[in-house]
Structures are given as C-alpha cells and as structure tokens.
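The primary structure of each chain is shown beneath.
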Amino acid sequence: MQKAYIMALYELVKKNENVISLLSDSGTEYDELLKREFPRQCINLGIAEENLVGAASGMAIGGLIPFVYTSGAFLAYRAFEFIRDDVCFQNLNVKIVGMGSGLAWSTLGSSHHTTEDISALRALPNLTIFSPASPREVEKTVKAAYEIEGPVYIRLGMSKEKEIYTEDYDFVPGKSVEIFDGTDYAVCVTGSIMEEAAEAAERLRGEGKKIKLINVHTLKPLDQKDLSLKLKGVKKVITVEEHNIFGGLGGILAEIIAEEKLKTELMRIGLNDCFAQGYGTQREVRAANGLDSESIYQILKREFL
C-alpha cells in the first residue's frame with residue numbers, strides 16, 4: 001500500500017505544483033524518488049507530528065494542498081488536537097495519511113498500533129475518512145482525496161497487502177463495494193484486513209454458505225441508504241475490522257441497522273475493548289488476537305453458520 005500511495009501522489013505532484021508531500025522522518029525509498037525529482041514539493045519536518053499538521057494547515061491557508069504522511073498512531077492520537085482545531089475546525093484542504101493501520105506495526109506493540117483511530121477521528125466534523133482494502137484502492141483513494149475540497153484522513157496498511165480486485169471498478173466515495181454476492185449473510189469489512197476476511201468467506205462459500213462480502217472503504221461520510229440496500233434481506237451482518245469494535249465499523253453498522261430499521265442480527269469481530277497482545281509479524285499478531293483468516297473462519301462457522 002505504501003508504494004501505491006507514493007506512486008499516486010507522484011502523479012499528483014507532477015500534475016500540480018501546489019501538491020506538497022510532508023513527512024515526519026517516516027519516508028520510504030519511494031519517497032526518495034519524489035524528493036529527487038520534486039525537491040520543493042517534498043518536505044521532511046522531522047518527528048514532530050503536531051508541528052507537521054500545524055504547518056500543513058498554514059500551507060492550506062496559502063493555497064497549497066499538503067499530504068501529511070506518517071504513522072497513523074502518532075497522527076490520530078498525538079496530533080489529534082491539531083487535526084481538530086487547525087484542520088477540521090477551519091475546514092482546510094489538508095490530506096492526512098496514516099500509515100500502519102491496525103496492527104501493521106506488529107513488532108512495536110500497542111503504542112504503535114492504530115486500532116482506535118476511526119473512533120477518535122470519526123467524531124470530527126468536516127473530516128472524510130477513507131480506509132482502503134488494497135493497493136489498487138489506495139490509488140483511487142488518493143485521487144479522490146485530491147478532488148475533495150476539505151480535510152481527508154486515509155488509513156493505510158504497510159505489509160505488502162494482496163490485491164483483492166481482479167479488474168477495474170468505479171470508486172465512489174461513500175459507496176461500499178460488493179466483492180461477491182450472497183443472500184443469507186453479509187460480511188462487512190474495512191481496511192487491509194479484507195484479505196483475511198475474504199479468505200475466510202471464500203472457504204465458507206466453498207462449503208455452500210451464501211455469504212455476501214462488502215468492502216466499506218469510506219467510513220465518513222458513508223452512504224447509509226446505499227449500504228442498507230446492500231444489507232436488506234440478509235439474516236445476519238458480521239463486521240470485521242482491525243480496530244476496536246467500539247466506535248469502529250461495528251459501531252457504524254449498529255447505527256445504520258438501528259436507524260434504517262433493518263431486520264437483521266449483528267456480530268462484530270475486532271478488538272473487544274482491549275489493546276492487542278503479542279509481537280511478531282502482522283499475521284502472527286492478528287492470529288494472537290483472533291483476527292487472522294483461520295480465526296475469522298472459525299468464529300463465523302461456530303457462531304453463525
């Protein structure tokens with residue numbers, strides 16, 4: 001996803017000299033390409049995330065389009081006040097890109113996990129929140145963020161995520177995407193954990209279960225009517241997220257089910273009001289916390305199917 005982000009940003013920087021890449025000692029080899037060709041549009045402010053967001057706000061006031069890129073945990077939590085007061089309250093054209101969504105910083109522990117960012121940031125007015133599921137979707141998300149006049153937060157994975165789309169598709173902010181259709185159960189997923197959920201759902205479909213898989217790439221603003229139509233008639237809705245179930249996708253779906261008066265049950269799979277345990281690869285940490293494909297498969301089969 002990191003490569004997809006930088007390549008998409010590269011095209012925007014080349015197209016518009018007002019697009020600025022702001023880093024916090026967190027760049028990759030792909031950023032070096034950007035910096036080498038467009039040194040004026042690539043600025044590293046060091047490990048000072050609050051200052052990074054504050055500087056981006058000033059640039060936006062001056063007509064620039066800054067893309068702030070660093071660890072999602074340090075943006076969503078450490079720089080929260082600056083995102084709230086300097087960006088969202090002023091409704092400025094700043095794009096905030098948090099790398100390492102969910103448990104991606106798997107070797108560094110809970111201080112680096114980004115598992116409450118949706119809950120923290122979803123309450124902020126004026127903020128659009130994207131949570132892409134694959135590299136191709138990252139490219140579409142970055143382009144969509146550029147077209148939006150106002151604050152945007154994008155949460156990115158960073159563990160060589162698999163591509164879930166075999167062909168091109170229309171990315172429409174707010175509208176979820178059906179990966180495959182089913183009549184009995186709807187599994188709604190956001191972010192890079194889609195690859196785990198898709199693997200589990202495919203296994204169950206192979207066993208004859210009628211499962212619909214939905215990619216919720218936009219968490220705010222979410223087209224509630226569109227998603228409720230996709231959920232209409234299913235017996236059960238299951239949300240899967242690499243995030244606390246409180247205030248995350250599970251909370252969003254609970255709101256929609258209640259407000260749209262959908263006659264269905266809801267089950268939330270994610271971190272149940274806790275910090276993730278363990279260290280290792282992202283897959284190992286997911287497994288330790290019941291969020292790998294095997295765990296998701298067993299939960300679905302045992303509890304619902």
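A few points on the structure. Note that the structure is a prediction, hence the values are computed from the model and not measured.

### A look at the pattern of salt bridges
Now for step 1: If you walk through the whole model with that rule in mind, you get 17 salt bridges.
Now for step 2: One salt bridge connects E11 with K14, and the closest N-O pair in it is separated by 3.6 Å. With E11 and K14 both in helix α1 (residues 2-15), this residue pair falls three residues apart, about one helical turn.
Now for step 3: What makes E11 partly exposed here is its relative accessible area of 40%.
Now for step 4: In this structure K14 comes out as partly exposed when scored by relative accessible area, which is 47%.
Now for step 5: One continuous salt-bridge network, built from bridges that share partners, spans E196, E199, E242, R283 and R286.

### Comments concerning the sheet that holds strand β10 (residues 218-220)
Now for step 1: Strands sit in the order β2-β1-β3-β4-β6-β5-β10 across an open sheet of seven strands; the sheet is mixed. In this open sheet, the two edge strands, each paired with only one partner strand, are β2 (42-44) and β10. Pairs of neighbouring strands in the sheet enclose a mean axial angle of 20°, with direction left out of account.
Now for step 2: Across the sheet, helix α3 (residues 49-61) lies against β1 (19-23), β2 and β3 (65-71), angled at about 170° from β3, the strand it touches most.

### What to know about the pairing of strand β9 (residues 211-215)
Now for step 1: Among the five residues in β9, five count as buried, and that is most of the element.
Now for step 2: Burial of the side chains of β9 extends over both faces: I211, L213 and N215 are buried on one face and K212 and I214 on the other.
Now for step 3: In the sheet, strand β7 (residues 177-180) pairs with β9 via three bridges, with the strands oriented antiparallel. Its bridge partner lying in β9, F180 is registered against L213.
Now for step 4: Sheet topology places strand β8 (residues 185-189) next to β9; five bridges connect them, and they run parallel. Bridge pairing in β9 links A186 to K212.
Now for step 5: Between the parallel pair β8 and β9, the chain is carried across by helix α8 (residues 194-206), and the sense of this crossover is right-handed.

### Let's talk about unusual backbone geometry
Now for step 1: In this structure, P221 follows K220 across a cis peptide bond, with omega equal to -10°.
Now for step 2: Position of P221 among the secondary structure elements: in the loop between β10 and α9 (224-231).
Now for step 3: For N126, which is not a glycine, the phi torsion comes out positive at approximately 75°.
Now for step 4: Residue classification places N126 among the partly exposed residues on the basis of a relative accessible area of 41%.
Now for step 5: Its identity as a non-glycine residue notwithstanding, D273 has a phi of 55°, on the positive side.

### As for the nonpolar core
Now for step 1: Y5, F67 and V240 are the most contacted members of the largest nonpolar core, which totals 59 residues.
Now for step 2: Ranked by residues supplied to this core, first place goes to α1 with eight residues.
Now for step 3: Other than its neighbours up to four places away in sequence, V240 contacts V187, C188, V189, T190, I193, A197, L249, I269 and I296.
Now for step 4: Formed by 39 residues, the second largest nonpolar core is a distinct cluster that contains L92, I96, L231 and V234.

### Here we look at the packing of α9 against helix α10 (residues 249-259)
The geometry of a pair of packed helices is captured by two quantities: the angle between their axes and the separation between those axes.
Now for step 1: Remark: α9 packs on α10, axes separated minimally by 10 Å, with the N-to-C direction vectors making an angle of 80°. Between α9 and α10, the angle is such that the two are roughly perpendicular. Seen from α9, the contacting residues are Q224, L227, S228 and L231; seen from α10, they are L253, I256 and E259.
Now for step 2: Here the contact of α9 with α10 is built from residues that sort into four nonpolar, two polar and one charged.

The rules behind each value
- Residues numbered from 1 in each chain as written.
- Predicted model: local features only at pLDDT ≥ 70, side-chain atom pairs only at ≥ 80, totals over all residues.
- Heavy atoms only, no water.
- Salt bridge = Lys/Arg side-chain N within 4 Å of Asp/Glu carboxyl O.
- Helix = DSSP H or I, 4+ residues; strand = E, 2+ residues; numbered from the N terminus.
- Buried < 20%, exposed > 50% of the residue type's maximum accessible area, 1.4 Å probe, protein only.
- Pairing = 2+ DSSP bridges.
- Axes fitted to C-alpha atoms, helices over the stretch in contact; angles between N-to-C directions.
- Contact = heavy atoms within 4.5 Å.
- Right-handed = clockwise from strand over helix to strand, strands pointing away.
- Core = buried A, V, L, I, M, F, W, Y, C linked by side-chain atoms within 4.5 Å.
- Parallel < 35°, antiparallel > 145°, perpendicular 65-115°, else oblique.
- Nonpolar A, V, L, I, M, F, W, Y, C, P; charged D, E, K, R; others polar.

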